[in-house]
Amino acid sequence: MNNLKLIWWLALKDLKIEYRSRQAFLTTLFFAVLILIIFNFAFDPGSNATREASPGILWVALLFPGIIQLNRSFQSEVEEGTLQGIVLSPVDRGVFFLGKFMANWLFLVAIDMLILAAFVVFFNFTLSGGLLWVLLLMVLVGIGFTAVGTVFAAMVSNIRIREVLLPILLFPIIVPIILAAVNGTREVLIHNDFSTLFRWMQLLIAFDVIFLAAGFLVFDYVVGE
Amino acid sequence: MANPSLPLVRLTGLTKKFGAVSAVRNLNFQIHRGDFVAIFGPNGAGKTTLLKMVAGLTSPTSGEVKFEGDRSARARAETGYVSHQTLLYNELTGRENLLFYARLYGLDGGADLADSMLSRVGLAEARNLMVRGFSRGMKQRLTLGRALLHEPRLLLLDEPYTGLDQHGSRLLTRLLGTLRAEGRTVLMITHNLAEGLELSTRVMILHRGKLAHQARQEELTRSALENLYFEIVER
């Protein structure tokens, strides 16, 4: 129970800081909308080819800007030295990981909903039940993306080229969830094939469980020194 | 229950190397309860590395630091650390910062504790201001409040006078004097020989990673310490 409270307080602290500074929120949202606008101008939004490619466009807009938040989440801790403050406290480092993960994940899901709304407008999708399934995919993809991303963001937080290094380390590992996200979205929005969607979701759930557990276990070594 | 005959901290053969460079070389000493140890030394003498190893932030290359004969992570909960950085969140208020740390240390009545600590370090009126707007002196006092919040049995101070004006230095000296009078165990790194000597019960001079000299405070006058210090570092 105490650990659950600690996880919430750690996450709440990050969310409060982000709410007050709005640095990551505004830059992430701006970057994502910019991606959608560029694709919108590059392709004819009414064509079948664009419709087929639109799940990929959506996930590029959802995941690439997410890197900004992951980098920010540890950059500020290192710059202000507060990472040392947490590491010096008796808090279990796995609990610290879950707190950071939760803050990053809540942030990502909140911003993803705004990006999804922009996507629906730019690519002429109608509001339907299918979008709820895309929301569920966003929640599941967000867990895996943030679990892996939080570990790597902590690893590179003391490195000068962290902004470059984080996506290079992160994206190869999350290829399975990118594939599941793009294909799952295509099945929902274009083909209406829910049996295939559920198979992709099973893959996402397995990925999420494995990498959340791995993050919890290895975080002690990641922030140890 | 802790054995009072054991030293609070014991350093044995403590060595830290960064590649081919030895920052700390084979340090052996003990800190007893109630000791206020001031460590002097020029830049690069290994003082900060030593403090980080005692705090558990850096692992020694060889040797060990034992807290009451124990090497476990329990020592983390018993140590307060003031480093070059404030370890404070600029986007939180002074009170929110202390409340956050109180929660990390699992302290009951965190809000009351935070308020009383803010009063103790003279920041009660500024408690709801963002740390971003604090002066260097205010930040340093809040940093000390953060480090003392969980009533640590060992306080580690790394150049706490850095960046403080005369008024801030005086306030800090007063606070540290209170800690000494309370019988707290403190390990302080400072470049300020006069302040360090006045506050401490024991002084050490670290040079090129080695313990060059140590003495009880009453064995040294200010001028004797200055002469000794410059003799060692200019050797």
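Coordinates for the structure precede this section.
The text that follows walks through the structure, step by step, so that each part is easy to find. (Residues numbered from 1 in each chain as written. Chains lettered and ligands numbered in written order. Predicted model: local features only at pLDDT ≥ 70, side-chain atom pairs only at ≥ 80, totals over all residues.)

## Comments concerning the overall build of chain B
Here is the rule we go by: We count a stretch as a helix when DSSP gives it H or I for four or more residues in a row; a strand needs E for two or more, and each element gets its number in order from the N terminus. Our radius of gyration is a C-alpha quantity, and the globule rule it is checked against amounts to 2.2 Å times the number of residues to the power 0.38. With C-beta atoms placed from the backbone, a residue is buried if 20 or more other C-beta atoms are within 10 Å of its own, exposed if 12 or fewer are, and partly exposed between those counts. We call two residues in contact whenever the C-beta atoms placed from their backbones are within 7 Å.
Within chain B one finds 8 helices and 9 strands. For chain B, whose C-alpha radius of gyration is 18 Å, the value lies close to the compact-globule estimate of 18 Å for 235 residues. Taking all 235 residues of chain B together, the buried fraction comes to 43%. Long-range pairs, those at least 24 residues apart, make up 69% of the contacts in chain B between residues at least 6 apart in sequence.

## Description of the interface of chain A and chain B
Rules: All amino acids are sorted into three groups, where Ala, Val, Leu, Ile, Met, Phe, Trp, Tyr, Cys and Pro are nonpolar, Asp, Glu, Lys and Arg are charged, and the leftover types, Gly among them, are polar.
Taken together, the 20 residues of chain A in the interface contact 24 residues of chain B. Listing elements by their share of the side of chain A that touches chain B, those giving two or more residues are α1 (2-21) and α5 (82-88) of chain A. The element contributing the most residues to the side of chain A that touches chain B is α1(A), with 8 residues. Across the side of chain A that touches chain B, the residue classes break down as 8 nonpolar, 7 polar and 5 charged.

## Description of the sheet that holds strand β6 (residues 154-158) of chain B
Paired through backbone hydrogen bonds, the strands of a sheet run either parallel or antiparallel to each other. Residue and element names in this part refer to chain B. Spelled out, the test is: Two strands qualify as a pair provided DSSP detects at least 2 bridges between them. Axis definition: a line fitted to C-alpha atoms, limited for helices to the stretch in contact. Angles are taken between N-to-C directions and run from 0 to 180 degrees.
Taken in spatial order, the 6 strands line up as β5-β6-β7-β3-β8-β9 in an open sheet, and their pairing is mixed. Looking at strand neighbours, the two that pair on one side only are β5 (79-82) and β9 (210-216), the edges of this open sheet. Shown here is a sheet whose adjacent strand axes are inclined to one another by a mean of 15 degrees, direction ignored. Where strand β3 (residues 36-40) meets strand β7 (residues 185-189), 4 bridges bridge the pair, whose relative direction is parallel. Bridge pairing in β7 links Val37 to Leu187. On top of the sheet, helix α5 (residues 136-148) reaches β5 and β6; it is set at about 165 degrees to β5, its chief contact.

## Points about the packing of α5(B) against helix α6 (residues 166-181) of chain B
All names here are of chain B. The following threshold applies: For classification, angles of less than 35 degrees are called roughly parallel, those exceeding 145 degrees roughly antiparallel, those between 65 and 115 degrees roughly perpendicular, and all remaining angles oblique. For any helix crossing, the convention is left-handed if the near helix is rotated counterclockwise from the far helix by under a right angle, and right-handed if that rotation is clockwise.
Remark: α5 packs on α6, axes separated minimally by 9 Å, with the N-to-C direction vectors making an angle of 15 degrees. On the basis of their axis angle, the class for α5 and α6 is roughly parallel. Our pair here, α5 against α6, has a crossing hand that is right-handed. Contact with α5, carried on its side by Arg136, Gly137, Gln140, Arg141 and Leu144, involves His167, Gly168, Leu171, Leu172 and Leu175 of α6 and no other residues of that element. By residue class, the composition of the contact of α5 with α6 is 4 nonpolar, 4 polar and 2 charged.

## Comments concerning unusual backbone geometry
All names here are of chain B. Phi at Leu87 takes a positive value of approximately 60 degrees, unusual for a residue other than glycine. Mapped onto the elements, Leu87 comes out in the loop between β5 and α3 (94-104). With a phi angle near 45 degrees, Glu159 is a residue other than glycine that sits in the positive phi range. Position of Glu159 among the secondary structure elements: in the loop between β6 and α6.

## Let's talk about the sheet that holds strand β2 (residues 21-31) of chain B
Residue and element names in this part refer to chain B. Spatially, 3 strands are ordered β2-β1-β4 in an open sheet, and the strand pairing comes out antiparallel. Whereas interior strands pair on both sides, the edge strands pair on one side only; in this sheet they are β2 and β4 (62-67). Each neighbouring strand pair of the sheet contributes to a mean axis angle of 20 degrees, computed without reference to strand direction. The sheet contact formed by strand β1 (residues 9-18) and β4 spans 5 bridges and is antiparallel. Looking at the pairing, Thr15 lines up with Ser62 of β4.

## Points about the packing of helix α7 (residues 129-156) of chain A against helix α8 (residues 162-173) of chain A
A packed helix pair is summarised by two numbers, namely the angle formed by the two axes and the spacing between the axes. All names here are of chain A. Running from N to C, α7 and α8 cross one another at 145 degrees; their axes reach a closest spacing of 10 Å. For α7 against α8, the interelement crossing comes out right-handed. For the pair formed by α7 and α8, the contact residues are Val148, Gly149, Phe152, Ala153 and Val156 on the first element and Arg162, Leu165, Leu166, Leu169, Leu170 and Ile173 on the second. Taken together, the residues that form the contact of α7 with α8 break down as 9 nonpolar, 1 polar and 1 charged.

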